[in-house]
Amino acid sequence: MNPHHKAYNPYISPFDPCPPIQTKTYSTPPHLYMGFQPLNLEQFTPAEALRAGTLWKPFFDPYFSPHELAKGGGQS
Amino acid sequence: MWVYEKKLQYPVRVSGCNPMLAKFLIEQYGGADGELAAALRYLNQRYTIPGKVIGLLNDIGTEELAHLEMIATMVYKLTKDATPDQMKAAGLGEHYADHDKALFYHNAAGEPWSAKYIQAKGDPIADLYEDIAAEEKARATYQWIINMSDDPDLNDGLRFLREREIIHSQRFREAVEILKDERDRKVIF
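Residues numbered from 1 in each chain as written. Chains lettered and ligands numbered in written order. Predicted model: local features only at pLDDT ≥ 70, side-chain atom pairs only at ≥ 80, totals over all residues. Heavy atoms only, no water.

Caption draft 1: Structural detail: the overall build of chain A. Of regular secondary structure, chain A possesses two helices and two strands. Going residue by residue from the N terminus, the α and β elements of chain A occur as β-β-α-α. At 17 Å, chain A has a C-alpha radius of gyration far larger than the 11 Å of a compact globule built from 76 residues. Along the first, second and third principal axes, the C-alpha set of chain A runs to 55 × 30 × 15 Å. For chain A, with 76 residues in total, the buried portion stands at 29%. Pairs at least 24 apart in sequence give 27% of the contacts found in chain A among residues at least 6 apart. A total of about 5400 Å² of accessible surface is found on chain A, and carbon and sulfur atoms cover 62% of it. Here chain A contributes 5 positively and 5 negatively charged side chains, and the mean placements of these two sets differ by 2 Å. (Helix = DSSP H or I, 4+ residues; strand = E, 2+ residues; numbered from the N terminus. Rg over C-alpha atoms; globule rule 2.2 N^0.38 Å. Buried < 20%, exposed > 50% of the residue type's maximum accessible area, 1.4 Å probe, protein only. Contact = heavy atoms within 4.5 Å. Areas by Shrake-Rupley, 256 points an atom, 1.4 Å probe, with all protein chains shown as cover. Lys, Arg positive; Asp, Glu negative; His and termini not counted. Charge placed at Lys NZ, Arg CZ, Asp CG, Glu CD.)

Caption draft 2: Main features of the nonpolar core. Residue and element names in this part refer to chain B. Counting residues in each nonpolar core, the largest one holds 24 residues, and the members touching the most others are Leu25, Ile71, Met74, Leu154, Leu158 and Leu161. Only α1 (19-25), α4 (51-79), α7 (124-148) and α8 (152-188) provide two or more residues apiece to this core. Counting residues per element, this core draws most heavily on α4, at seven residues. Residues contacting Leu161, with those up to four places away along its chain left out, are His67, Met70, Ile71, Met74 and Tyr142. The next biggest cluster of nonpolar side chains, apart from the first, holds 13 residues, and it includes Ile49, Val53, Leu57 and Leu128. (Core = buried A, V, L, I, M, F, W, Y, C linked by side-chain atoms within 4.5 Å.)

Caption draft 3: Region of interest: the packing of aromatic side chains. Residues and elements named next belong to chain B. This model, assessed by the stated rule, comprises six aromatic pairs over all chains. Aromatic pair Tyr10 and Phe160: ring centres 4.3 Å apart, planes at 20°, arrangement stacked. Taken together, the residues span a long stretch of sequence, with Tyr10 in the segment before α1 and Phe160 in helix α8 at a distance of 150 residues. The buried category is assigned to Tyr10, whose relative accessible area is 3%. Given the relative accessible area of 5%, Phe160 is considered buried. (Phe/Tyr/Trp six-rings, centres within 6.5 Å; stacked < 30°, edge-to-face > 60°.)

Caption draft 4: Representation of the packing of helix α3 (residues 35-45) of chain B against α4(B) in the model. Residues and elements named next belong to chain B. Contact geometry for α3 and α4: axes closest at 8 Å, N-to-C directions at 160°. Comparing their axes, α4 and α3 come out roughly antiparallel. The chirality of how α3 crosses α4 is left-handed. Contact residues: α3 offers Glu35, Leu36, Ala38, Ala39, Tyr42, Leu43 and Gln45, while α4 offers Leu57, Asn58, Ile60, Gly61, Thr62, Glu64, Leu65, His67, Leu68 and Ile71. Grouping the amino acids of the contact of α3 with α4 by side-chain chemistry returns ten nonpolar, five polar and two charged. (Axes fitted to C-alpha atoms, helices over the stretch in contact; angles between N-to-C directions. Parallel < 35°, antiparallel > 145°, perpendicular 65-115°, else oblique. Left-handed = near helix turned anticlockwise from the far one by under 90°. Nonpolar A, V, L, I, M, F, W, Y, C, P; charged D, E, K, R; others polar.)

Caption draft 5: Local environment of empty space enclosed by the protein. All names here are of chain B. Inspection of the entire model under this criterion finds one cavity of 30 Å³ or more. A volume near 30 Å³ is recorded for the largest cavity. In terms of lining residues, the largest cavity is bounded by Asp33, Gly34, Glu35, Ala38, Tyr42, Glu64, Ala134, Glu135, Ala138 and Glu165. Listing elements by their share of the lining of the largest cavity, those giving two or more residues are α3 and α7. Considered class by class, the residues forming the lining of the largest cavity number four nonpolar, one polar and five charged. (1 Å grid on protein atoms, 1.4 Å probe; cavity = no way out; pocket = protein on both sides within 12 Å on 5 of 7 lines; lining within 4 Å. Points joined across faces, edges and corners; volume = space filled by probe spheres on them.)

Caption draft 6: Spotlight on unusual backbone geometry. Even without glycine at this site, Asn40(A) takes up a positive phi of about 60°. Assignment of secondary structure puts Asn40(A) in the loop between β2 (24-27) and α1 (46-52). A residue is classified by how much of its surface remains accessible, and Asn40(A), at 77% relative accessible area, is exposed. Located in the positive-phi region is Asp100(B), a residue other than glycine, with phi close to 55°.

Okay, structure coming up:
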């Protein structure tokens, strides 16, 4: 699983009306762990950066829907 | 004063006419955590924040206007060729009755934009913490819209906008650190 996601298992009641989702995930993008940006982080090329939305590789965290991941997407 | 460049910050492509996606996307146009609220919040807070972070609010507030323009383009492209019946089927009948295909500043549930969505507390830390929260909420909104969208071209643009929310949050967090250091320095001298 993407390291920028965390997962937890909510309580499943025997009386839940819908088929239970056993594992729930949430997004934890890299900036949450960065503090003040350190010097000399690795950079994208300018052309790559314009596409990625950031110059800095350690901040890049593309998000894909379950739909896209199931289709083999997520390799951006 | 602003200098306008007649192009979008990131190219907006849409795979098909899909008014229902437009209905969801309008949340980022006129919703509480949308781009309009973000731009107006930051550009207004700039006047009463320490000089070291005025420029940050200025730059990010300006970029939010560029994002607003991208969202507007997405919504327009998703709806411009829809028939009234398609609008109605997508849950946009009420919108069509009031606005035809025109865009309007309301959220996905049709609630008009309100200044109650934003605050300017005059306390730099309180304002920056609100700004960090706003960026994380906008990031989450993009995730939920991507989860509901089956349009790969649209998702590409939405992923770019979500990445920008991450960077903005990072810069606001650094602004808080800068202001904390300022306080320490006064104590030392």
